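Fold and contact review
Now for the letters of each chain:
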Amino acid sequence: MSSGDLERKLKLAGARLGQRSWTWANGPGRRLAATLLHHIRRNLSARRLLSFPHFLFGCWVIILLWGETWVFESKVQRCEWKNWEQWPKGAQPHHLILIADPQITDPHSYPGRPWPLSSLTVTITDNYLRRGYKALQSKLQPDSLFFLGDLFDGGREWKTAHGDFVDPKWGYDRSATEKAWVKTWHRRYGEDYWIREYQRFASIYFDNWKDGGSSTRPWQRGKKLVASLPGNHDIGFGAQIQVAVRDRFEAHFGDVNRVDIIGNHSIVSVDTVSLSADTSTYKDSKDLEPIYGPVNKFLRDVKATKRKMVQEELQVWHDIDRDMRFDHKVENTEDVENSRWLRDPGEDAPDLPTLLLTHVPLYRKPGTPCGPMREHWPPTKPPKGQTGPVIPDNRNAITVTAGYQYQNVLNPEDSVKLLKSIGNVVHAFSGDDHDYCELEHDSSQENVREITVKSISMAMGVPTPGFLMVSMYNPIDAHGKPISGAPKKTLQTHLCLLPNQFHTYMTYIFLGIFTLGLLAARVLLMPILHLTPFALEPEQNSPLPMYKDKMDPPLSNGSHSYQSSARRMSVTATSSSNGSARWSSKKNRKGGRGWGWTGDNAGPRINLDNDFYDGGKTWKTGKGRQAIGVLGRELWTTTWRTSWLVVLYWVYLTRKG
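Anyway, here's the lowdown on the structure attached to this text. Being a predicted model, the structure only gives us computed values, none of them experimental.

Taken as a whole and judged by the stated rule, the model has two disulfides. A disulfide bridge connects Cys79 with Cys496, and the sulfur atoms are separated by 2.2 Å. Handedness here is read from the sign of the S-S torsion; for Cys79 and Cys496, about 90°, the answer is right-handed. A residue pair is termed long-range when its members are at least 10 positions apart, and Cys79 in the loop between helix H4 (52-77) and strand E1 (94-99) and Cys496 in strand E13 (residues 491-497) qualify at 417 residues. No difference in accessibility class separates Cys79 from Cys496, as the two residues are buried. Here Cys370 pairs with Cys437 through a disulfide, and the sulfurs are 2.1 Å apart. Here the disulfide of Cys370 and Cys437 is left-handed, its torsion about the S-S bond being about -80°. Here Cys437 lies in strand E10 (residues 437-440) and Cys370 lies in the loop between strand E6 (354-358) and strand E7 (402-403), a separation of 67 residues in the sequence. Here the chain pairs its bonded cysteines, counted in sequence order, in the arrangement 1-4, 2-3.

Moving on: the packing of H4 against helix H14 (residues 501-529). Where H4 contacts H14, the axes come no closer than 12 Å and their chain directions differ by 170°. The angle between the axes of H4 and H14 places the two elements in the roughly antiparallel class. Counted together, Phe52, Leu56, Trp60, Ile63, Leu64, Trp66, Gly67, Glu68 and Phe72 of H4 and Gln501, Thr504, Thr507, Tyr508, Leu511, Gly512, Thr515, Leu518, Leu519 and Arg522 of H14 form the full contact between these two elements. Of the residues belonging to the contact of H4 with H14, the class tally is 11 nonpolar, six polar and two charged.

All right, on to the pattern of salt bridges then. This structure, assessed with the given rule, holds 24 salt bridges. With its nearest N and O atoms 2.8 Å apart, the salt bridge here joins Glu197 to Arg200. Taken together, the residues Glu197 and Arg200, both in helix H8 (residues 191-205) and three residues apart, mark about one turn of the helix. Residue class for Glu197 comes out buried when judged on its relative accessible area of 6%.

Right, let's talk about the packing of helix H5 (residues 117-140) against H8 for a bit. Two numbers describe how H5 lies on H8: the axes approach to 8 Å, and their chain directions differ by 35°. Contact residues: H5 offers Val122, Asp126, Leu129, Arg130 and Tyr133, while H8 offers Arg200, Ser203, Ile204 and Tyr205. Here the residues of the contact of H5 with H8 sort into five nonpolar, one polar and three charged.

Another aspect to go through is the pairing of E1. Where burial is concerned, most of E1 is hidden: six out of the six residues are buried. Of the two faces of E1, both are covered, the one formed by His94, Leu96 and Leu98 as well as the one formed by His95, Ile97 and Ile99. One ladder, built from four bridges, connects E1 with strand E2 (residues 144-147); its direction is parallel. Its bridge partner being in E2, Ile97 is matched across the sheet by Leu145. Since E1 and E2 lie parallel, the crossover through H5 that links them has a hand, and here it is right-handed.

Within the element layout of this structure, Phe72 appears in helix H4. For Phe72, a relative accessible area of 2% puts it in the buried group. Put simply, Phe72 and Pro499 are 427 residues apart on the chain and 6.3 Å apart in space, counted from C-alpha to C-alpha. Sequence-distant contacts of Phe72, defined by excluding residues within four places in its chain, comprise Gly67, Tyr128, Arg131, Gly132, Ala135, Pro499 and Gln501.

Definitions and limits used
- Residues numbered from 1 in each chain as written.
- Predicted model: local features only at pLDDT ≥ 70, side-chain atom pairs only at ≥ 80, totals over all residues.
- Heavy atoms only, no water.
- Disulfide = S-S within 2.5 Å.
- Helix = DSSP H or I, 4+ residues; strand = E, 2+ residues; numbered from the N terminus.
- Buried < 20%, exposed > 50% of the residue type's maximum accessible area, 1.4 Å probe, protein only.
- Axes fitted to C-alpha atoms, helices over the stretch in contact; angles between N-to-C directions.
- Parallel < 35°, antiparallel > 145°, perpendicular 65-115°, else oblique.
- Contact = heavy atoms within 4.5 Å.
- Nonpolar A, V, L, I, M, F, W, Y, C, P; charged D, E, K, R; others polar.
- Salt bridge = Lys/Arg side-chain N within 4 Å of Asp/Glu carboxyl O.
- Pairing = 2+ DSSP bridges.
- Right-handed = clockwise from strand over helix to strand, strands pointing away.

Read these as geometric descriptors, not functional statements.
Take a look at the structure:
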């Protein structure tokens, strides 16, 4: 085939295609466009737009904005610092917030939950965390924020890129549910998945950090966010920790053991889940030193570290030249001048009040009550005549128990070791339990007061999540000593509660039922109050003519022809609002009373309303059915319109986060 023939065929094919397109556009396409435009015009009429279902949707917009956004801001605003702080006039305290157990949901949380329910669970719980955190930042604007571990739920389960990744054969065994999923987890989820989970956590907390403002308040050195304290769901617990998992966590979040000077207080964060391997029953039979070795070294040096950091802090505040600048040159390590390095000033150097941060709570005897702010179980009512709390109170206490990759409280040896190694601990804060617990330890643990902070997540079994606010005020001089008039108690705490999501959903359900009731009431009142229906009348493809000639029967004598009789008769057919046909008589011009006939040849009067079958009973039955159909259609149409608009707006708010 020549190129000319091919070109002609292509042109012919193009012409045919263009002709078909033109034919479709001027035929079915034009009719389709006209039909769509017709339906759009019908639905955009004032009668439809300014209707009762759309008014209810407008109410639901406000309800959903309240339940998905405003309620978080309202709850957090009640916790404003000025509402509970009690410092001397003119004080500039440092505002610290502690967040425990966000534990973002993942395949480890609900392993058998199918898609899309699993994805919806992740979206809803992430939105709860994000909205609570954004409200916290925008309304409270903290100076510092620390996490108390369990950032992830299954972080310890996802394979690392380096090192062995096998479950230790010692320690507590997995539950039957987890055993069934271990091989699947190890096959599907690795380093790449963990990185995506890290980015997901960062999108909730790191990306919204500046919602609280980027500038510092007066007399504050700077804003700080610390999320490096690991929990057992992040890296495991005790002898069953895999070092490669911990190294990955530390590489992305920072040192798991650290000292920070905040608001003239020393804050010491300790990796107690690794420390617990040092008191494990498997310590003598297995080499666990890679697990507990780093935290033990940190505890041996922590007092000196505190003194060095306090000295540096005082030098900064009192403008002491530290001469920390070094020349840019290559030197032998043996000849390096290190006299300007930060050194331990000695045991006589000033020390600041110390706060201990640990994921796992300190040891307490079984049944030690947690106080009235514990949500799961309030304290047992004491018997008549007893003023103190009931001890032991097992319902109100943290259960002293352990299992696979968890232990509810530290061993007594680890608790004592922590407090003695750190020194000057005035308060301890922990997580892990998910509910609030406040107590004062006995003398063996230096009478330290401890608060176990509530989980901030709605998926951790605590109906009302929350976080802890800590206000610190400790004015000191250049030598680290309290100035005259400084308060003896240098910190105050306040539990801030977030919305109960179950109550929010119950509110939605109640208001949904109420909305359905309003729509049903309107439908029932329509015929009484003559309300305009929302549902559009169904359109007929071939509508009946509005006027139709009634034909005479053939006459035997031929005196009147069929056509002439038809011309002298007319029956008017009208369509009622309920769709039934009604017939009415038309008087002749000469004043006759005939039913379509004039003069002496008036025929019988036909009235379908009265002369219907069974004396009108069947008509009445049909009319009742039609009326019920009209009301039913109206209820369905208004309910459907309101429902899908509300659901669509909820989906929009959910995707928006």
